[in-house]
Structures are given as C-alpha cells and as structure tokens.
Amino acid sequence: MYVAAKGGEKAIRNAHALLAKRRRGNKNLPSISLAQIAQQLTLAVDRVMAEGSLYDVELAALAVKQARGDLIEAIFLIRAFRTTLPRFGYAQALDTSEMLVRRRVSATYKDLPGGQLLGPTFDYTHRLLDTSLGVADEAGEVDDEARQADPADAAPVAMPRVTDLLGQEGLIEAAPADEGAEPFDITRAPVSFPVDRSTRLQTLARGDEGYLLALGYSTQRGYARSHPFVGEIRFGDVEVIFEAPELGFELSLGTVQVTECQSVNQFKGSATTPPQFTRGYGLVFGQCERKALSMALVERALRWKELGEEPGAPAQDEEFVLSHCDNVQATGFVEHLKLPHYVDFQAELDLVRRMRAEQAAERPADGIKEAAE
Amino acid sequence: MALMARAEAGELEAVLAGFAPLPAASDLKPPEVGLVMLRGRTGGDGAPFNLGEATVSRAAVRLEGGASGFAYRLGRDVKAARAAAILDALWQDEARRAEVDAALAPVRARLAAEAAQVRAETAATKVDFFTLVRGED
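Small disclaimer: the values here were computed from a predicted structure and weren't measured.

Student: Could you give an account of the overall build of chain B, with specific residues and numbers?
Tutor: When its secondary structure is counted, chain B shows four helices and four strands. Counting from the amino terminus, helix and strand elements in chain B follow one another as α-α-β-β-β-α-α-β. The C-alpha radius of gyration computed for chain B amounts to 22 Å, which surpasses the reference 14 Å derived for 137 residues by more than 25%, pointing to a less compact arrangement than a globule. Along the first, second and third principal axes, the C-alpha set of chain B runs to 85 × 35 × 25 Å. Sorting the 137 residues of chain B into buried and exposed places 46% on the buried side. Long-range contacts, defined as pairs at least 24 residues apart, comprise 51% of the intrachain contacts of chain B with a sequence gap of at least 6. Here chain B has roughly 6,400 Å² of accessible surface; of this, 56% comes from carbon and sulfur atoms. Here chain B contributes 17 positively and 19 negatively charged side chains, and the mean placements of these two sets differ by 4 Å.

Now the structure itself:
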C-alpha cells in the first residue's frame, strides 16, 4: 500500500530547477535544436514515436530533448501528451505494398522483383568508431551525383512482398482475411486474455524494443523454436488515408515512415493443410528494424496454439508477454518504488520486530544454543 | 487535397498570397489538433489492426460569398491547416480551380523531385548477391 506523503515542496521545486540546469548543460555551448535532433538523432526520435505510439517527429524530438536523451522518459512524455488530444477517428489500413521504399531486403530470395535495396543501413559496417565525427563531421558529406543510380534504374517499380511470391505457389499460409470487423483497440477498452491477433499486434507495436529483442532472441535459442527467416524487411514512406466523418469522403493526410518485417517460419501443416511456411509480422513507426524483426519473431511464437505447437516457452505465454511489454507501464510501477513508502515500511518493521519477539519468547533455549555455536 | 496535406506551411502561405486580396474567411469550426489512429494489416494484406496514433490538424472555413473548404493534415500546424482549408474553398469554385492547381504546381514538382531523389539514392544501394559453390565435395 502506498500512503501519500506531504511536504518537501521547496526541495521539489529546487530539484526541478536543478534538473532544468543539468539538462541544459554548459551554457557556453549552443542549445540543441529540435530540427537537429530530428535530423541527426533520427533513430532515437523514431523509437520514441514507435513506443510512444504517436507519430509526430517534432514532438518526439522535443521529448528526447526534455528527457535529456532518456528514451523511456521521452516515451512517457509522449504518452502523457496524447491523452490531452481528442480522437478524430481511424485511418484506413496503411498499404505497405505502395511504399516509397528507402530500404528493402530479403534473406530468403536473392533475386526478387524490385531488387534488394540496402538503403541507409548499419548492416555490413565494421562497427569501428569514426573519430572524424568527433571533430569536423565531414563524413556525412557525400558526393550526391556519384551516389545516385541512373534515372532509368531508379524508375518506380512494383515491389511485391516476398510473402505474396510464396503465396502464389501456396507454399505459405495466407494472412487472416479482412472480414470487415473493427479491430480491438487497447487504448479504448481494457484487455482481457486470451486476445486475438490484431490485439497482440497493437500491443507489440508499442512494446519495448529491448524486451521484444530479448524474447525474440529466446525463440532463436530454443525457447519456442520456430526457425525463422527474414522473408522481407522494408522501410519507407506510406500514405495515410482517412475518411473524415463529417466529410464522407476519403482524403490523404500525408505520409508516415514505417518499417515492416515478414518472418517466414516452419511449416508442420495439419490433417487439413499440407505443410507450408507460417509467418510472423512486425510493423513499427519509423526506421526501427530491430524492433520490427523482434516483433515478428514474438508474434509468431504467440501463435503456437493456432498452429498446433507445444507450449512452454516464455515467448509463447500471451498474458506474460503482452502484460509486460509496455515500458511506460513497467517503468511507472518499478520506479514508483523510489517514492516515499514510510508508512508501509513502518508497518513491516513493526511486524518483523513482533515476530522476532514472539520467536524469542517461544524458543529461548534455541536462541542461546545458536548464539553458543 | 493530397498536395495541400503535403505542402509545407510556407508554401501554402505563398500560394495564398498569390490570390490576394482574399475574401474574408470565417471558421465553420475552430482549427483544431487531434489524433487519428493509424492501422496496419496482419501480414501486410490481411485483417486490420490498430498500429498507433498520429497528430492531425484540421480546419473548416467558409469564404465570404463563396464556398466552404476543409483540410486535414498530419502534424500540429493548425495555421497551415487553415491555409489549406482556404485553398480548398477557392478550389471548390469552378472558375478558380485551374488557377489553384497551377499555383500548387511547384509543390507537386518539389514532392516529385524529392521522391525521385530518394529512389535514385536507394537504387544506388541495390545489391546483387550471389551464392558461392561450396568446395567440400
């Protein structure tokens, strides 16, 4: 039980002022601008949007600045902000096949229509610190002319999803059909387990990257082994289409960036279906590849029942996985332990003293014996 | 309307300035920031699920002696949304539609150039992987 404490107002005010001073750092250095954060710490901003579950680059950059780079604190700020705004409605589902692709790779097919596009990736870098960034930052200045493909090679081309290619041969399960039902919204109604796949996806999409990474990793190490391939990972811009209730027609609101991952997994089949690949799905705001891939692994592991697999691994435990993946909930409960618990603790202190006194009264001889030993 | 959602605030102001003097615009409802829940599809093409929200600004205006205009744009710039709504109202007037489209042409060209640059930069990172025959047998 937590009992409110009073007092300390002046100390709290001063602590907040000190926080603001420390956040600003050395005043002889220029203050970092939101545009700089958005442009140069893009992946931090993307993570805050994804786990804050709110797409707004400038707000996420502000949150990163205010939180002194503590991304979970920044995500908390974003979640708090979103509760202040009215909901206009639901957009139509994003069409990732119509993406302006900035990166797209497949680990299953080397020659796929549309090609393998590495884009801006850390893959294949040597992970050597570039000391030139510490002085003048010339490394970012590339010769644009030399680094662009011929216009003929860069014409818009169709980029079918790898799962569509496998699907044509019936080698992979189809995605669950759109029956026209409204998907459950965890921001509008309390969740009770078990949940459907769309509820899992919404929960995982805003889940903590580190947590999903660890759980995804556990499935590879043998806890709910499902032998995944990255069928495809793509990142780029997709259009948001919205039908405003008062207008009654669809309009485009602009574009957002998302990362999509399709995992392709093993294939037992059943009495009614021949062996075929199964799949896990990840979709995340921004360029968050590690998160999208981890999400796909965990999403696939959670489907054990539907696919007739043996349960028992942590990543398969729906209630455990989904109840603990939200880092705002998690940090709220864990960090509240720092707040004053004096009354609770006093009660426990009294209890432990009473228990010791009772024990000493019941077994005086034991006490003397132990002391002698 | 897709163009007016993608145009930058400065671009919209510049386009509007080209139509000065503008008839007085009154708000049908105050410009407002809110949220739209974005959705994805399971597996990319299956049943929908709620992905996360985005900030959206909206405006609705009526021009004096003219049509009404509406705008919805991603982001929190209500001033830009109001400018887009005024442009939409001008566009509703058949006589000015071509003029509005022409004024937005630079926005269309900028967006096309940016997309072309992304495609060209990305295409330069296209890789042809090849697999090697292993020599153990």
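Next, the rest of the story.
Student: Mind laying out the interface of chain A and chain B, listing which residues take part and the relevant values?
Tutor: Every contact between the two is made by 77 residues of chain A and, on the other side, 52 residues of chain B. Counting the surface lost from both chain A and chain B, the interface buries some 5,600 Å², and carbon and sulfur atoms represent 63% of this. Where chain A meets chain B, there are eight salt bridges. The partner of Arg39(B) in a salt bridge is Glu182(A), with the nearest N and O atoms 2.9 Å apart. Our enumeration of links across chain A and chain B arrives at 28 residue pairs in polar contact (both at pLDDT 80 or more). When residues of the side of chain A that touches chain B are assigned to their parent elements, the largest contribution, nine residues, is made by strand β6 (residues 250-265) of chain A. By residue class, the composition of the side of chain A that touches chain B is 40 nonpolar, 17 polar and 20 charged. As defined by bridge partners, strand β2 (residues 87-93) of chain A adjoins strand β1 (residues 25-41) of chain B across four bridges and the pair is classed as parallel.

Student: Tell me about the environment of Ser33(A), and please be specific about residues and values.
Tutor: Residue and element names in this part refer to chain A. Within the secondary structure layout, Ser33 lies in the loop between α1 (9-24) and α2 (34-40). Residue classification places Ser33 among the partly exposed positions, given a relative accessible area of 29%. Taking the C-alpha atoms as reference points, Ser33 and Ala91, separated by 58 residues in sequence, lie 31 Å from one another.

Student: Report on the nonpolar core, specifying residues and quantitative values.
Tutor: In terms of nonpolar packing, the biggest core is built from 74 residues, with Leu253(A), Val256(A), Val258(A) and Tyr72(B) touching the most fellow members. Lining this core are residues from two domains, each supplying at least three of them: domain 1 (10-82) and domain 2 (96-120 + 147-331) of chain A. Filtering out sequence-adjacent residues up to four positions away, Leu253(A) remains in contact with Val240(A), Phe242(A), Ala5(B), Val36(B), Val56(B), Tyr72(B), Arg73(B) and Leu74(B). Residues Ala71(B), Leu87(B), Leu104(B) and Leu111(B) belong to the second largest nonpolar core, which totals 24 residues.

Student: Quick one: what's the story with the packing of aromatic side chains, residue by residue and with numbers?
Tutor: Counted by the stated rule, this structure contains four aromatic pairs over all chains. Measuring from centroid to centroid gives 5.3 Å for Tyr55(A) and Phe285(A), while their planes differ by 85 degrees, and the two rings are edge-to-face. A residue pair is termed long-range when its members are at least 10 positions apart, and Tyr55(A) in strand β1 (residues 54-55) and Phe285(A) in strand β7 (residues 278-285) qualify at 230 residues. Neither residue differs from the other here; Tyr55(A) and Phe285(A) are each classed as buried. With a centroid separation of 6.0 Å and an interplanar angle of 85 degrees, the aromatic rings of Phe88(A) and Tyr72(B) are classed as edge-to-face. Taken together, the residues Phe88(A) in strand β2 and Tyr72(B) in strand β3 (residues 68-74) connect one chain to another. Judged by relative accessible area, Tyr72(B) falls into the buried class, the value being 4%. Following the ring pairs from residue to residue traces out a cluster consisting of Phe88(A), Phe242(A) and Tyr72(B). Sitting over the ring of Tyr90(A), Arg87(A) keeps its end group 5.0 Å from the ring centre. Above the ring of Trp91(B), the side-chain terminus of Arg97(B) is found at 3.8 Å from the ring centroid.

Student: Any details on the pattern of salt bridges? Residues and values, ideally.
Tutor: Using the criterion set out here, one finds 35 salt bridges over all chains in the structure. A salt bridge links Arg104(A) to Glu232(A); the nearest nitrogen and oxygen atoms lie 3.4 Å apart. With a gap of 128 residues between them, Arg104(A) in strand β3 (residues 100-105) and Glu232(A) in strand β5 (residues 229-243) connect regions that are remote in the sequence. You can call Arg104(A) buried: its relative accessible area is 0%. Residue Glu232(A) is classed as buried on the basis of its relative accessible area, which comes to 1%. Between Arg110(B) and Glu11(B) there is a salt bridge, with the nearest N and O atoms lying 2.5 Å from each other.

Student: Break down the domain arrangement of chain A for me, with residues and values.
Tutor: Residue and element names in this part refer to chain A. Each domain of chain A was delimited in the assignment, giving domain 1 (10-82), domain 2 (96-120 + 147-331) and domain 3 (342-372). Once you take the C-alpha centre of each, domain 1 and domain 2 turn out to be 29 Å apart. Each side of the interface is counted separately: domain 1 has 14 residues, and domain 2 has 20 residues. Buried surface at the junction of domain 1 and domain 2, summed over both partners, amounts to about 1,400 Å²; 58% is from carbon and sulfur atoms. Along the contact surface separating domain 1 from domain 2 lie two salt bridges. Measuring nitrogen to oxygen at the nearest pair gives 3.0 Å for the salt bridge that ties Arg79 to Asp326. Where domain 1 touches domain 2, the interface holds six residue pairs in polar contact (both at pLDDT 80 or more). Secondary-structure elements contributing two or more residues to the side of domain 1 that touches domain 2 are α3 (42-52), β1 and α5 (71-82). Per element, the largest residue contribution to the side of domain 1 that touches domain 2 is six residues, and it comes from α3. A class-by-class count of the residues in the side of domain 1 that touches domain 2 yields eight nonpolar, one polar and five charged.

Calculation notes
- Residues numbered from 1 in each chain as written.
- Chains lettered and ligands numbered in written order.
- Predicted model: local features only at pLDDT ≥ 70, side-chain atom pairs only at ≥ 80, totals over all residues.
- Heavy atoms only, no water.
- Helix = DSSP H or I, 4+ residues; strand = E, 2+ residues; numbered from the N terminus.
- Rg over C-alpha atoms; globule rule 2.2 N^0.38 Å.
- Buried < 20%, exposed > 50% of the residue type's maximum accessible area, 1.4 Å probe, protein only.
- Contact = heavy atoms within 4.5 Å.
- Areas by Shrake-Rupley, 256 points an atom, 1.4 Å probe, with all protein chains shown as cover.
- Lys, Arg positive; Asp, Glu negative; His and termini not counted.
- Charge placed at Lys NZ, Arg CZ, Asp CG, Glu CD.
- Buried area = accessible area lost by both parts, 1.4 Å probe.
- Salt bridge = Lys/Arg side-chain N within 4 Å of Asp/Glu carboxyl O.
- Polar contact = N/O pair within 3.5 Å; in protein donor to acceptor, adjacent residues only side chain to side chain.
- Nonpolar A, V, L, I, M, F, W, Y, C, P; charged D, E, K, R; others polar.
- Pairing = 2+ DSSP bridges.
- Core = buried A, V, L, I, M, F, W, Y, C linked by side-chain atoms within 4.5 Å.
- Domains from an automatic or database assignment.
- Phe/Tyr/Trp six-rings, centres within 6.5 Å; stacked < 30°, edge-to-face > 60°.
- Lys NZ or Arg CZ within 6 Å of the ring centre and 35° of its normal.

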